[in-house]
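# Structural characterization, general
Next come the chains, spelled out residue by residue.
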Amino acid sequence: MKKIILFIFLIFVQNAYGKWLLIDDQKITKHFVDIESIKTNGNIRKVWTHQEYSEPQKGIKSSVLQIELDCDKQLVHPLFAKSYRESNLEGNSVESDVSNKSSWIKISKNDDKEFYSYYMFSCFYKPIKSYWSLFSSSNLSELYIDKNTLIRDGNRATIQGYSNILDKKVGLDGVGSLQSLYIFECKDETFKFTNSFSFPQKNLQGNLIDYFISPPEHTIKLSEDNFYYNLMKFACNSK
Amino acid sequence: MENDLSIMKFKKLLNTLISLFLVLISNIVLGEWSLYFKDNTSETYIDYSSKTVKGDKVQYVQYTDFPFGVPKDLGQGMSIKYLSEIDCKEETIRSLYLVNYRDIKLQGGVLSNHDLTSTSPSKIIPNTGQSSLMKKLCN
């Protein structure tokens, strides 16, 4: 009978339909999330994640993990895990209800790279709380920022913002708006951006076109005529 | 003691009635079976008209044909019909009752039936057949 019960669930589970979005490609593990699974309750976001391992981890080649994230406190709470012997969530599986075994864990950027990726995506994709205000505009684009997200750390300043693309000359075909975490090195007057979400319409409307978490290797030296120069001045001069 | 016996008898009768109901409902001729899933060894059909809503839960009837025979370790028979339940709020699934048939398309008579109501629900994983079924039945 046990086998029959197991079989019932095997019938449908095994064929993944491929709506997992790749958000981070690390050396051994590719990390995916299911955007449609994101559920918001107050400051908490619940999301399903999926991992693919290029090298088997204790015989496991892929897995799914449902987690809760406290977007205000940067905490994670694993709820449910299932591991598979084969890639693409196929083959024999072992599931575990991890919700009672684990409590809320503080996410550290350096120590919990996978949770950090899930946090950066899930909490900043159409943020729960955002207080966008127009910072600057030109014929090409408009820049909105959320002043509440400004963080100063030594010579570095970071702030969340998005740009509405007003002219095709910008060179981002099909992109109406682009939300990013802007990172300024105040001493060097350089700039780079990360955790970027692109949308087809203005003001972050429409379905996500593309996402990347890894910062570009190059940084941009800001001159006074650069669109982001004034934002750097604002971010770096704030206390 | 007498009460316990009565309750046990009642439960047994109830199970028999539910199994009988499952055997009769969605008859192969009258049922509106839609092919839902197919692979090299099985074909699964769902009768969407059997959907009943109970609070946050949805129950429905489905059956699976094994054109090349039920895998050895799953017992005998060529097709299985079951009453399943999706919890739309908790996003879980479980089967409640199951009936084994001798031939494909629920033909050849019943071989056995099983009460699975004591089994725990299983989480529905996104981007699977189960999750698209949940979307269809829960919306």
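The coordinates are above.
In what follows, the accompanying structure is described. These figures come from a predicted structure and were not determined experimentally.

### Observations regarding the overall build of chain B
Helices and strands together make up the secondary structure of chain B, namely two helices and seven strands. Starting at the N terminus and walking to the C terminus, you meet the elements of chain B as α-β-β-β-β-β-β-β-α. Burial statistics for chain B: of 139 residues in total, 45% are counted as buried. As presented, chain B carries roughly 7,600 Å² of accessible surface, and 56% of it is formed by carbon and sulfur atoms.

### Some remarks on the nonpolar core
Residues and elements named next belong to chain A. Counting residues in each nonpolar core, the largest one holds 31 residues, and the members touching the most others are Ile67, Leu69, Tyr119, Met120, Phe121, Phe197 and Tyr211. With eight residues, the top contributor of residues to this core is helix α2 (residues 113-124). The contacts of Met120, once residues within four sequence positions are left out, are Leu181, Asn195, Phe197, Tyr211 and Ile213. Counting residues in each nonpolar core, the second largest holds 15 residues, with Phe184, Phe191, Tyr229 and Ala235 among its members.

### Concerning the environment of Phe191 of chain A
Residues and elements named next belong to chain A. By the element assignment, Phe191 lies in strand β13 (residues 190-199). Residue Phe191 is classed as buried on the basis of its relative accessible area of 2%. Residues Phe191 and Ser54, spaced 137 residues apart in sequence, show a C-alpha to C-alpha distance of 33 Å. Filtering out sequence-adjacent residues up to four positions away, Phe191 remains in contact with Tyr182, Ile183, Phe184, Thr219, Ile220, Leu222 and Tyr228.

### Here we look at the pairing of strand β3 (residues 57-65) of chain B
Across a regular strand the side chains alternate sides, sitting on one face of the sheet and then on the other. All names here are of chain B. Burial runs high along β3: eight of the nine residues are buried. Two elements, β3 and strand β4 (residues 79-87), share nine bridges in a ladder whose sense is antiparallel. Opposite Thr64, over in β4, you have Ile80 as the bridge partner.

### Things to note about the packing of aromatic side chains
Residue and element names in this part refer to chain A. Under the criterion given, the structure shown has 21 aromatic pairs over all chains. A ring pair is formed by Trp132 and Tyr162, whose centres lie 5.0 Å apart and whose planes are at 90°; its orientation type is edge-to-face. Linking Trp132 in strand β9 (residues 132-137) with Tyr162 in strand β11 (residues 156-165), this pair joins segments that are 30 residues apart in sequence. Overall, Trp132 belongs to the partly exposed group, its relative accessible area being 24%. The buried category is assigned to Tyr162, whose relative accessible area is 4%. Pairing Tyr182 with Phe191 gives two aromatic rings, centres 6.0 Å apart and planes at 35°, and the pair type is tilted. The class for Tyr182 is buried, based on a relative accessible area of 2%.

### A closer look at the side chain of Glu52 of chain A
All names here are of chain A. With respect to the helices, strands and loops of the structure, Glu52 is situated in strand β4 (residues 44-57). Side-chain polar atoms of Glu52 contact the backbone nitrogen of Asn88, separated by 2.7 Å. If we ignore the near neighbours within four places in the chain, the residues touching Glu52 are Ile28, Thr29, Lys30, Phe32, Lys61, Ser62, Ser87, Asn88 and Leu89.

Each value, and the rule that gives it
- Residues numbered from 1 in each chain as written.
- Chains lettered and ligands numbered in written order.
- Predicted model: local features only at pLDDT ≥ 70, side-chain atom pairs only at ≥ 80, totals over all residues.
- Heavy atoms only, no water.
- Helix = DSSP H or I, 4+ residues; strand = E, 2+ residues; numbered from the N terminus.
- Buried < 20%, exposed > 50% of the residue type's maximum accessible area, 1.4 Å probe, protein only.
- Areas by Shrake-Rupley, 256 points an atom, 1.4 Å probe, with all protein chains shown as cover.
- Core = buried A, V, L, I, M, F, W, Y, C linked by side-chain atoms within 4.5 Å.
- Contact = heavy atoms within 4.5 Å.
- Pairing = 2+ DSSP bridges.
- Phe/Tyr/Trp six-rings, centres within 6.5 Å; stacked < 30°, edge-to-face > 60°.
- Polar contact = N/O pair within 3.5 Å; in protein donor to acceptor, adjacent residues only side chain to side chain.

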